[in-house]
Amino acid sequence: EMKANDCASPTSICPEISNRVSFAVEGNIGVGKSTFLELIKSDETLTRLVDLHEEPVAQWQAVGGNPKHNMLNAFYSDSTRHAYTFQNYVFITRFLQHHNAAMNPKAPCCLLERSVFTDCCVFAKTVLEEGLMTDLEGAVYHSWFNPVLQTLPHLVPDAFVYLRASPQSCYRRLCIRSRTEEAAVGLDYLGKIHDKHEAWFVHGSMPATITPTGQAVSCGKLGEDLDGTSAVNVRVLDGK
Ligand code: DCP
């Protein structure tokens, strides 16, 4: 039987959690997170080792399964009207996905596409700075974000893998894939999202009260980027 206080300890909810390593794959819009996850999925050995959870974008594009209720499109078409509602929905859908993943461990390693920390420290922060959320909406978001997270410590990944590319590269990839909802996304917006990722993963300047702290534990180069060529850099940041 579960008591209210059990929420404070992830292992009391699910003892297997303690034996698992969880990673969150992070990076700008269009950086290639999906491609990175596809590569893992295409490897038989890795597939057995890794329980993989892609971002629930399809749910954002069809709330409750109804394509007429496209929250992602609503956000990009009228951002001032929908930024808060969208960020709220993103948090809830991601929380449910990551919580279910933690409760039903299927492999020794869990790989998540993005985390609630990017939602808060990258996206919610940017839309607030851009005036797309009112100060009141920003205050509401922050008033629940930390208290909710404190009751859900199993949402903190063990490590973050940051796929790092220049905003110009991401913009090129965004144009190639041409997701209709994202037609409004410009280089300027990608630059702001990039800067927030850099502040957190490279300069370590995000407030520890909101993001999990940690040092970059390794930096690997998959290719040249940040000056506009095709591959990405990877940084792994200790989550706990
Ligand atoms: N998004 C947002 N706020 C969030 C999370 C996501 O505005 N808190 C938006 C950004 C994108 C869309 O949702 O328009 C999907 O986000 P991703 O960048 O995670 O997914 P991609 O498919 O673009 O990633 P990649 O191209 O790296 O595979």
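Note that the structure is predicted; figures quoted are calculated from it, not measured.

Q: Please set out the pattern of salt bridges residue by residue, giving values where relevant.
A: In this structure the tally under the stated criterion is 14 salt bridges. A salt bridge links glutamate 55 to arginine 94; the nearest nitrogen and oxygen atoms lie 2.9 Å apart. Placement of the pair is glutamate 55 in the loop between strand 2 (50-53) and helix 4 (57-61) and arginine 94 in helix 6 (residues 79-103), with a sequence separation of 39 residues. Between lysine 125 and glutamate 129 there is a salt bridge whose closest N-O contact spans 3.6 Å. A residue pair is termed a helical-turn pair when its members lie 3 or 4 positions apart in one helix, as lysine 125 and glutamate 129 do in helix 7 (residues 116-129) at 4 residues. A relative accessible area of 33% places lysine 125 in the partly exposed class. Three or more residues are tied together by salt bridges with common partners; here these are Glu55, Arg94, Arg114 and Asp119.

Q: So what's going on with helix 10 (residues 187-201)? Residues and values would help.
A: Compared with an ideal rise of 1.5 Å per residue, which puts 15 residues at 21 Å, helix 10 spans 21 Å between its outermost C-alpha atoms and is within 8% of the ideal. Burial analysis of helix 10 places 11 of its 15 residues in the buried class, the great majority of the element. The set of residues buried in helix 10 consists of Tyr189, Leu190, Gly191, Ile193, His194, Lys196, His197, Glu198, Ala199, Trp200 and Phe201.

Q: So what's going on with the site of the ligand? Which residues, and what values?
A: Taken together, 22 residues form the shell around the ligand, and within it Ser34, Glu55, Arg114, Arg177 and Glu182 come nearest. The backbone of valine 31 places a nitrogen or oxygen atom 3.4 Å from an oxygen atom of the ligand. A distance of 2.3 Å is found between an oxygen atom of the ligand and a side-chain nitrogen or oxygen belonging to glutamate 55. In the complex, the protein chains occlude 98% of the 590 Å² of accessible area that the ligand would expose alone. Every element with two or more residues in the shell around the ligand is listed here: helix 2 (33-41), helix 5 (71-77), helix 6 and helix 7. Here the shell around the ligand gets 4 residues from one element, more than from any other, and that element is helix 6. For the shell around the ligand, the residue count by class is 9 nonpolar, 5 polar and 8 charged.

Q: Give a description of helix 7 that names residues and reports values.
A: In a regular helix each residue adds 1.5 Å, so 14 residues correspond to 20 Å; helix 7 covers 18 Å between its end C-alpha atoms and thus fits that length. Among the 14 residues that make up helix 7, 11 are buried, leaving the element largely enclosed by the rest of the structure. Following helix 7 by one or two positions, glycine 131 adopts a phi angle in the positive range, close to 75°.

Q: I'd like a description of unusual backbone geometry, backed by residues and values.
A: Glycine aside, a negative phi is what most residues show, and trans is what most peptide bonds show. Unusually for a residue other than glycine, arginine 114 sits at a positive phi of about 65°. Checked against the element boundaries, arginine 114 lands in the loop between strand 3 (109-113) and helix 7. Of note, serine 178 is a non-glycine position whose phi angle comes to about 35°, a positive value. Mapped onto the elements of the fold, serine 178 is located in the loop between helix 9 (167-177) and helix 10.

Q: Lay out the nonpolar core in plain terms, naming residues and giving numbers.
A: Soluble, globular proteins show a tendency: their nonpolar side chains are buried together. Counting 53 residues, the largest nonpolar core has Tyr141, Phe145 and Tyr189 as the members making the most contacts within it. Counting residues per element, this core draws most heavily on helix 7, which supplies 8 residues. Not counting residues up to four positions away in its chain, the partners in contact with tyrosine 189 are Ile29, Phe75, Tyr76, Phe123, Thr126 and Val127.

Cut-offs and rules
- Residues numbered from 1 in each chain as written.
- Predicted model: local features only at pLDDT ≥ 70, side-chain atom pairs only at ≥ 80, totals over all residues.
- Heavy atoms only, no water.
- Salt bridge = Lys/Arg side-chain N within 4 Å of Asp/Glu carboxyl O.
- Helix = DSSP H or I, 4+ residues; strand = E, 2+ residues; numbered from the N terminus.
- Buried < 20%, exposed > 50% of the residue type's maximum accessible area, 1.4 Å probe, protein only.
- Expected span 1.5 Å × (residues − 1).
- Near = heavy atom within 4 Å.
- Polar contact = N/O pair within 3.5 Å; in protein donor to acceptor, adjacent residues only side chain to side chain.
- Areas by Shrake-Rupley, 256 points an atom, 1.4 Å probe, with all protein chains shown as cover.
- Nonpolar A, V, L, I, M, F, W, Y, C, P; charged D, E, K, R; others polar.
- Core = buried A, V, L, I, M, F, W, Y, C linked by side-chain atoms within 4.5 Å.
- Contact = heavy atoms within 4.5 Å.

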